[in-house]
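Summary of structural features
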Amino acid sequence: TIPAPGGVWSDTIVVTVEQDYAGLLTNVVRVTSREGATAAYTETSRTTIFPALDVSKHVSAESVQTGDQLTYTLRVTNTGTVDLHATVTDTLPARVAPSGVVTWTPVITAPDGLWEQTLVVTTEKGYTGPLTNVVRVTSDEGATGVYTRTSQVQATPALVVTKQAQPHTVEAGEQLTFTLRVTNT
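An account of the accompanying structure is given in this report. (Residues numbered from 1 in each chain as written. Predicted model: local features only at pLDDT ≥ 70, side-chain atom pairs only at ≥ 80, totals over all residues. Heavy atoms only, no water.)

**What to know about unusual backbone geometry**
Note the threshold: Comment: elements are numbered from the N terminus, with helices defined as DSSP H or I runs of at least four residues and strands as E runs of at least two.
Here the amide bond leading from Ala97 into Pro98 is cis, since omega sits at -5 degrees, within 30 degrees of zero. Considering the arrangement of structural elements, one finds Pro98 in the loop between β7 (96-97) and β8 (100-104). The linkage connecting Ala110 with the following residue, Pro111, adopts the cis geometry, with an omega of -15 degrees. Note that Pro111 resides in the loop between β9 (107-108) and β10 (114-123).

Here you go:
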């Protein structure tokens, strides 16, 4: 019952739009009272699909010794409103094993779906310098992302020193010769 004059009746109805729907939503309200009064109101809304993602790559250490292992963890988060059919391409540095390009094709659900992959690589023995790793993500829905991660391979210098005396026994006034040998290991 709506009291007259100026009476108001109100109700709130919450609906959920299908996840992959994009387009117009038209809602029509028709009211008929017992006394025969009628009214109608039409409201139109537009929904859009919003594909988006966030890509990152974490490394177990910023700096390692030559020949050591590194663990890379790739993460792709769906920050959009639609499931993503993604292609993740990881270009590993040339100075690690394994190296080359690794590809995955995950489906990452919306919203906030997370895809994660871990890779363990071993740095090339004797190599020192930067290791640059690039991960690229594309999706059928149009979302893209690139993340570049650089770490360092170092070699800690190590020396071995030996000393020999010739002859081993000498008398006062005789010459003694020392031979020093330094090896970089």
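**Side note on the packing of aromatic side chains**
Rules: We call Phe, Tyr and Trp rings a pair once their centres come within 6.5 Å, taking the six-membered ring for Trp, and we label the pair stacked below 30 degrees between planes, edge-to-face above 60, and tilted otherwise. Geometrically, a charge over a ring is one whose NZ (Lys) or CZ (Arg) sits within 6 Å of the ring centre while staying within 35 degrees of the ring normal.
Per the stated rule, a full pass over the model turns up one aromatic pair. If you follow Lys57 out to its NZ or CZ, it ends over the ring of Tyr72, 4.5 Å from the centre. Geometry around Phe178 places Lys163 over its ring, the cationic atom sitting 4.4 Å from the centre.

**What about a nonpolar patch on the surface?**
Threshold: Like charges within 9 Å and nonpolar side chains (Val, Leu, Ile, Met, Phe, Trp, Tyr) within 5 Å are joined into patches, using only residues over 30% in relative accessible area that form no salt bridge. Note on areas: Shrake-Rupley with a 1.4 Å probe; residue coverage comes only from the protein chains shown. Salt bridge criterion: a side-chain nitrogen from Lys or Arg within 4 Å of a carboxyl oxygen from Asp or Glu. Burial classes: relative accessible area under 20% of the type maximum marks a residue as buried, over 50% as exposed, and values in between as partly exposed (1.4 Å probe, protein chains only).
Taken together, the side chains of Val17, Tyr21, Leu24 and Leu25 define a hydrophobic patch exposed on the protein surface, amounting to about 300 Å² of accessible area. Within the element layout of this structure, Val17 appears in the segment before β1 (23-32). Since its relative accessible area comes to 34%, Val17 is described here as partly exposed.

**Things to note about the sheet that holds β10**
Let me state the cut-off plainly: A pair of strands is considered paired only if DSSP assigns at least 2 bridges between the two.
Read across the sheet, four strands follow the order β3-β5-β10-β7 without closing on themselves; strand pairing throughout is antiparallel. Of all the strands in the sheet, just β3 (53-59) and β7 have a single pairing partner and so form its edges. Summarising the sheet, β3 and strand β5 (residues 69-78) pair through seven bridges and their orientation is antiparallel. Looking at β5, one finds that Lys57 is bridged to Leu74.

**Digging into the environment of Arg34**
Mapped onto the fold, Arg34 is located in the loop between β1 and β2 (38-47). For Arg34, a relative accessible area of 85% corresponds to the exposed category. Separated by 33 residues in sequence, Arg34 and Thr1 have C-alpha atoms that sit 9.7 Å apart.

**Considerations on the pattern of salt bridges**
Enumeration according to the criterion identifies four salt bridges in this entry. For Asp90, the salt bridge is made with Lys57, and the minimal N-O distance between the two is 2.6 Å. Pair noted here: Asp90 is in strand β6 (residues 84-92) and Lys57 is in strand β3, with a separation of 33 residues, a long-range link. On the basis of relative accessible area, Lys57 is assigned to the buried category, the value being 0%. The closest approach of N and O atoms between Arg149 and Glu62, which form a salt bridge, is 2.4 Å. Separated by 87 residues along the polypeptide, Arg149 in strand β12 (residues 144-154) and Glu62 in the loop between β3 and β4 (63-65) bring together distant segments of the chain.

**Describing the environment of Gly6**
The topology assignment puts Gly6 in the segment before β1. Along the primary structure Gly6 and Trp104 are separated by 98 residues, whereas in three dimensions their C-alpha atoms are 63 Å apart.

**Quick look at the nonpolar core**
To keep it simple, the criterion reads: The set of buried Ala, Val, Leu, Ile, Met, Phe, Trp, Tyr and Cys residues whose side-chain atoms join them within 4.5 Å is what this entry labels a nonpolar core. Residues count as neighbours in contact if any of their non-hydrogen atoms are within 4.5 Å of one another.
Residues Val76 and Val88 are the most contacted members of the largest nonpolar core, which totals 25 residues. Taken together, the elements giving at least two residues each to this core come down to β3, β5, β6, β10 and β11 (129-139). Dropping the residues within four chain positions of it, Val88 is found in contact with Leu74, Val76, Val102, Thr103, Trp104, Pro106, Trp115, Val135, Arg136 and Val137.

**Some words on the side chain of Asn78**
The condition is simple: Any N or O atom pair separated by 3.5 Å or less is treated as a polar contact, with the protein-specific requirement of one donor-capable and one acceptor-capable atom, and with residues adjacent in sequence counted only for side-chain atom pairs.
Tracing the sequence through the fold places Asn78 in strand β5. Accessibility expressed as a relative area gives 0% for Asn78, which makes it buried. Here Val82 takes part through its backbone oxygen, which lies 2.9 Å from a polar atom of the side chain of Asn78. Within the structure, Asn78 has its side chain in polar contact with the backbone oxygen of Ile108 (distance 2.9 Å).

Bear in mind that shape data such as this cannot, by itself, settle questions of function.
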